[in-house]
Amino acid sequence: TPARVAERTRSSHVCGAVLGSHVPSTNLADVVYRRTEGNALFTVQMLGHLLQQGLVIETGRRWWLRGGLGAVKRHVPEGLRTLLIKQLEALDATDQLVFEAASVGGVHFVAAEVAAGLLCPVEKVEAICDRLMQHGLFLEAQELVTWPDGTSTVRYGFRHALYRDVIYDRLGMAQRSRLHRLVGERLESGYVERAKEIAS
């Protein structure tokens, strides 16, 4: 879309401004854009992090990224991680639990999955997500979906994949495993005979 093209162009300009040199759009700028979705603050933080890690190199007055998208897929700059964790910890305990359970579902999730992970009513999760969304905190609503078993639930999305990654990374192994099991069981019951369609 034209908006995406404009965002990519802005991201390329931010990369160029930070690095002080031409940035090849087919390599570094595109990869950084995909990871930061064009957010200027995230772009600056990500580039600084990649430079510190030696993942960005300069050859022939051009900056290149070693290893492509795989090199930055799970990288979250420490300064950015700290900022996002502070924002999360400013919320009350129930809100934090909702975000943690939501992170197990991925960047996009439905309220019924989160409710299953927290063993609470779907309506409570939707009310919390709607309140957080209205305050511009981490989330955006996407659509109402209906599962094969008749469950009607709202699909939400983290406003940025980095939000989800930081929250998910904070989960302990036992907590992560328990949430995945509860969410998986709810998805299986919700999709009944069509569960194989979403098994992966």
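Because the structure is a prediction, the values reported are computed rather than measured.

Trainee: Honestly, the packing of aromatic side chains in this entry has me stumped. Any pointers?
Mentor: Each aromatic ring pair is specified by the distance between its two centres and by the angle formed by the two planes. What the rule picks out here adds up to six aromatic pairs. Consider the rings of Phe99 and Phe138, whose centres lie 4.9 Å apart with planes at 65°: the pair is edge-to-face. Taken together, the residues Phe99 in helix H5 (residues 93-105) and Phe138 in the loop between helix H7 (122-134) and strand E4 (139-146) connect sequence positions 39 residues apart. The exposure class assigned to Phe99 is buried, which follows from its relative accessible area of 0%. Ring geometry for Phe109 against Tyr156: centres 6.0 Å apart, planes inclined by 25°, an arrangement best described as stacked. Remark: Tyr156 occurs in strand E5 (residues 152-158) and Phe109 occurs in strand E3 (residues 108-110); sequence separation between them is 47 residues. Look at Tyr156 and you get buried, because its relative accessible area is 0%.

Trainee: Whenever I open this one, the side chain of Glu126 confuses me. Can you help?
Mentor: Relative to the helices and strands, Glu126 is located in helix H7. Nearest to the buried, unbridged Glu126 among oppositely charged side chains is Arg186, at 10 Å. Apart from the residues within four sequence positions on either side, Glu126 is in contact with Ala111, Ser152, Thr153, Val154 and Tyr156.

Trainee: Looking at this structure, how should I read the sheet that holds E4?
Mentor: Either a parallel or an antiparallel arrangement is found when strands of a sheet pair, and the pairing is made through backbone hydrogen bonds. The strand order across the open sheet built from three strands is E3-E5-E4, with neighbouring strands paired in antiparallel fashion. At either margin of the open sheet sits one strand with a lone partner, and together these are E3 and E4. Across this sheet, the average inter-strand angle for adjacent strands is 25°, counted without regard to direction. The strands touched by helix H6 (residues 111-118) within the sheet are E3 and E5, with E3 carrying the most contacts at an inclination of about 70°.

Trainee: Quick question: what am I supposed to make of the side chain of Asp95 here?
Mentor: Tracing the backbone through its elements, the reader meets Asp95 in helix H5. On the basis of relative accessible area, Asp95 is assigned to the buried category, the value being 3%. Looking at Asp95, its side chain comes within polar contact range of the side chain of Arg131, at 2.7 Å. Excluding residues that lie within four positions of it along the chain, Asp95 makes contacts with Ile128, Arg131 and Leu132.

What counts, and where the lines are drawn
Residues numbered from 1 in each chain as written. Predicted model: local features only at pLDDT ≥ 70, side-chain atom pairs only at ≥ 80, totals over all residues. Heavy atoms only, no water. Phe/Tyr/Trp six-rings, centres within 6.5 Å; stacked < 30°, edge-to-face > 60°. Helix = DSSP H or I, 4+ residues; strand = E, 2+ residues; numbered from the N terminus. Buried < 20%, exposed > 50% of the residue type's maximum accessible area, 1.4 Å probe, protein only. Lys, Arg positive; Asp, Glu negative; His and termini not counted. Salt bridge = Lys/Arg side-chain N within 4 Å of Asp/Glu carboxyl O. Contact = heavy atoms within 4.5 Å. Pairing = 2+ DSSP bridges. Axes fitted to C-alpha atoms, helices over the stretch in contact; angles between N-to-C directions. Polar contact = N/O pair within 3.5 Å; in protein donor to acceptor, adjacent residues only side chain to side chain.

Scope: geometric values only; no functional claims are made or implied.
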